[in-house]
Amino acid sequence: MLLSDLKVGDKAEVTGLLAESGVRRRILDMGLVKGVRFKVLRVAPLGDPIEIVFKGVYLTLRKNEAAGVQVEKTGEVGDGRPMGNQRSRWRFGS
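Residues numbered from 1 in each chain as written. Predicted model: local features only at pLDDT ≥ 70, side-chain atom pairs only at ≥ 80, totals over all residues. Heavy atoms only, no water.

K.L.:
I tried to follow the overall build of the protein chain on my own but got confused; where do I start?
P.N.:
Looking only at helices and strands, one finds two helices and five strands in the protein chain. For the protein chain, with 94 residues in total, the buried portion stands at 33%. Long-range pairs, those at least 24 residues apart, make up 62% of the contacts in the protein chain with a sequence separation of at least 6. Total accessible area on the protein chain is roughly 6600 Å²; 49% of this is exposed by carbon and sulfur atoms. (Helix = DSSP H or I, 4+ residues; strand = E, 2+ residues; numbered from the N terminus. Buried < 20%, exposed > 50% of the residue type's maximum accessible area, 1.4 Å probe, protein only. Contact = heavy atoms within 4.5 Å. Areas by Shrake-Rupley, 256 points an atom, 1.4 Å probe, with all protein chains shown as cover.)

Here's what the structure looks like:
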């Protein structure tokens, strides 16, 4: 599935990048790498651009750039699942 196919509220994880080299480098530099989980916040009425949020970063991509990001859907709006990985905290003295 591609990032450009997701709807508002969908949650997904990046599984690969199919974009051309220039766009690919820019996407990687912004932190959208394999394994990152994100949520689709907004999609413009005509489908271009798409705004996502991950790790506190709000990123807006054009539809042709989003079509180069391969994803696996992990959730939908209102499913109650958290967006990111839950880490266990270390406690000292216990």
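K.L.:
Please clarify how the sheet that holds strand E3 (residues 50–54) should be interpreted in this entry.
P.N.:
Two strands in a sheet stick together by hydrogen bonds in their backbones, pointing the same way (parallel) or opposite ways (antiparallel). One open sheet accounts for five strands, arranged E4-E3-E2-E1-E5; its pairing is antiparallel. The open sheet terminates on both sides in strands that have one partner only, identified here as strand E4 (57–61) and strand E5 (69–75). Neighbour-to-neighbour, the strand axes of this sheet turn through a mean angle of 40°, independent of strand direction. Examined bridge by bridge, strand E1 (residues 11–17) and strand E2 (residues 37–43) share three bridges and lie antiparallel to one another. Bridging across to E2, Glu13 finds its partner in Arg37. (Pairing = 2+ DSSP bridges. Axes fitted to C-alpha atoms, helices over the stretch in contact; angles between N-to-C directions.)

K.L.:
Got a minute to help me understand the pattern of salt bridges in this structure?
P.N.:
Two side chains with opposite charge may pair up if their charged atoms get near one another. Tallying each qualifying case throughout the model produces six salt bridges. Among the ionic pairs, Arg37 bridges to Glu13, the shortest N-O distance being 3.4 Å. One end of the pair, Arg37, is in strand E2; the other, Glu13, is in strand E1, with 24 residues separating them in the sequence. With its nearest N and O atoms 3.3 Å apart, the salt bridge here joins Asp29 to Arg25. (Salt bridge = Lys/Arg side-chain N within 4 Å of Asp/Glu carboxyl O.)

K.L.:
Got a minute to help me understand the pairing of E4 in this structure?
P.N.:
On any regular strand, side chains alternate: one points to one face of the sheet, the next to the other face. Sheet topology places E3 next to E4; five bridges connect them, and they run antiparallel. Counted as the bridge partner of Ile50 is Leu61 from E4. The antiparallel hairpin formed by E3 and E4 contains two residues in its connecting segment, where Lys55 sits at a positive phi of about 50°.

K.L.:
Could you clarify how one ought to interpret the environment of Leu32 in this entry?
P.N.:
Of note, Leu32 is situated in the loop between helix H1 (21–29) and E2. Relative accessible area serves as the criterion here: at 0%, Leu32 is assigned to the buried category.

K.L.:
Sorry, what's going on with the nonpolar core here?
P.N.:
Side chains of a nonpolar character, in soluble globular proteins, are inclined to be buried together. Residues Leu3, Leu32, Phe38, Ile52 and Val69 are the most contacted members of the largest nonpolar core, which totals 20 residues. Of all elements in the fold, only E1, H1, E2, E3, E4 and E5 reach the threshold of two or more residues within this core. Sequence-distant contacts of Val69, that is, excluding residues within four places in its chain, are made with Met1, Leu2, Leu3, Val14, Gly16, Leu17, Ile27 and Leu32. (Core = buried A, V, L, I, M, F, W, Y, C linked by side-chain atoms within 4.5 Å.)

K.L.:
I would appreciate a short explanation of the environment of Arg62 in the present structure.
P.N.:
Within the element layout of this structure, Arg62 appears in the loop between E4 and helix H2 (63–66). Under the relative-accessibility criterion, Arg62 is labelled exposed at 51%. Separated by 15 residues in the primary sequence, Arg62 and Gly47 have C-alpha atoms spaced 8.8 Å apart.

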